[in-house]
Amino acid sequence: MGTYTADIDVRFRDIDAMGHVNNAVYATYIEQARTRYFSDVLNADLSRVSTVLASISIDFRRPVELVDGEVIVTVDVADLGRSSATMVHEVRAGGEAAAEAEATLVSLDPETGDPAPIPEEHRAAMESYHDL
């Protein structure tokens, strides 16, 4: 299949004093897309999966405004390690790239909090969906 996409509404509360989406909200849009990805692709509730966000970096390309109405956020897996997955994202508005991001998630042992192998069913779903 390749790339997962999620349409997310731009809300009035997302807008800052400059009249565009506040930079911190982009991470929320990416999190919303990732939550949907876990549900739709991995058949998992992200709140019940022992996974943490280890890092995120966002490069901003253009402002998103309320008039844009929605953003489209993509989810791709760039690297699949033993206990981590690096995902790349694009946030698009009005047909243009507004931001690009990279996020690394780490699977944890729920009892110890130590890194643990990605569950085999999640790994298989990611490999199949993204042709890895």
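Everything that follows concerns the structure shown earlier in this document.
Summarised in this report is the structure supplied together with it. (Residues numbered from 1 in each chain as written. Predicted model: local features only at pLDDT ≥ 70, side-chain atom pairs only at ≥ 80, totals over all residues. Heavy atoms only, no water.)

**Re the overall build of the protein chain**
Counted only if it meets this: Only DSSP runs of H or I reaching four residues or more are called helices, and only runs of E reaching two or more are called strands; each is numbered from the N terminus. Computation of the radius of gyration draws on C-alpha atoms alone. For the globule rule, the value is 2.2 Å times the number of residues to the power 0.38. Only protein chains enter the accessibility calculation, which uses a 1.4 Å probe; a residue is then buried when its area is under 20% of its type maximum, exposed when over 50%, and partly exposed in between. We get accessible surface area from the Shrake-Rupley algorithm with a probe of 1.4 Å; when it comes to residues, only the shown protein chains can shield them.
Within the protein chain one finds 2 helices and 5 strands. From first element to last, N terminus to C terminus, the protein chain shows the α and β order β-α-β-β-β-β-α. Relative to the globule expectation of 14 Å for 132 residues, the C-alpha radius of gyration of the protein chain, 15 Å, shows essentially globular dimensions. Taking the principal axes of the C-alpha coordinates as reference, the protein chain spans close to 45 × 30 × 20 Å. Buried residues in the protein chain amount to 39% of all 132 residues. Carbon together with sulfur atoms contributes 48% to the accessible area of the protein chain, which is approximately 7200 Å² in total.

**Some points on the nonpolar core**
Threshold: Grouping buried Ala, Val, Leu, Ile, Met, Phe, Trp, Tyr and Cys residues that are joined through side-chain atoms within 4.5 Å yields what is termed a nonpolar core. By definition, residues are in contact when any of their heavy atoms lie within 4.5 Å.
Core analysis: the biggest nonpolar cluster contains 35 residues, and Tyr-37, Phe-38 and Val-71 have the highest contact counts within it. Listing elements by their share of this core, those giving two or more residues are strand E1 (4-9), helix H1 (23-40), strand E3 (70-80), strand E4 (84-93), strand E5 (96-107) and helix H2 (120-129). Among the elements that line this core, the one with the most residues is H1, at 7 residues. Ignoring any residue separated from it by four or fewer positions in sequence, one finds Phe-38 in contact with Asn-43, Ala-44, Leu-46, Val-49, Met-87 and Leu-105.

**Details of the side chain of His-89**
Applied cut-off: Polar contact is defined as a pair of N or O atoms within 3.5 Å, subject to the rule that within protein one atom must be able to donate a hydrogen and the other to accept it, and that residues adjacent in sequence are counted only when both atoms are side-chain atoms.
One can find His-89 in strand E4. Residue classification places His-89 among the buried residues on the basis of a relative accessible area of 4%. Within the structure, His-89 has its side chain in polar contact with the backbone oxygen of Thr-74 (distance 3.0 Å). In this view, His-89 contacts Ile-30, Arg-34, Val-73, Thr-74, Val-75, Ala-99, Glu-100, Ala-101 and Ala-103; residues no more than four positions away in its chain are not counted.

**A short note on the pairing of E1**
The line we're drawing: Whether two strands pair depends on DSSP finding at least two bridges between them.
Burial along E1 is one-sided: the face carrying Tyr-4, Ala-6 and Ile-8 is buried and the face carrying Thr-5, Asp-7 and Asp-9 is not. Pairing geometry for E1 and E3, over 6 bridges, is antiparallel. Bridging from a neighbouring strand, Tyr-4 pairs with Val-75 of E3.

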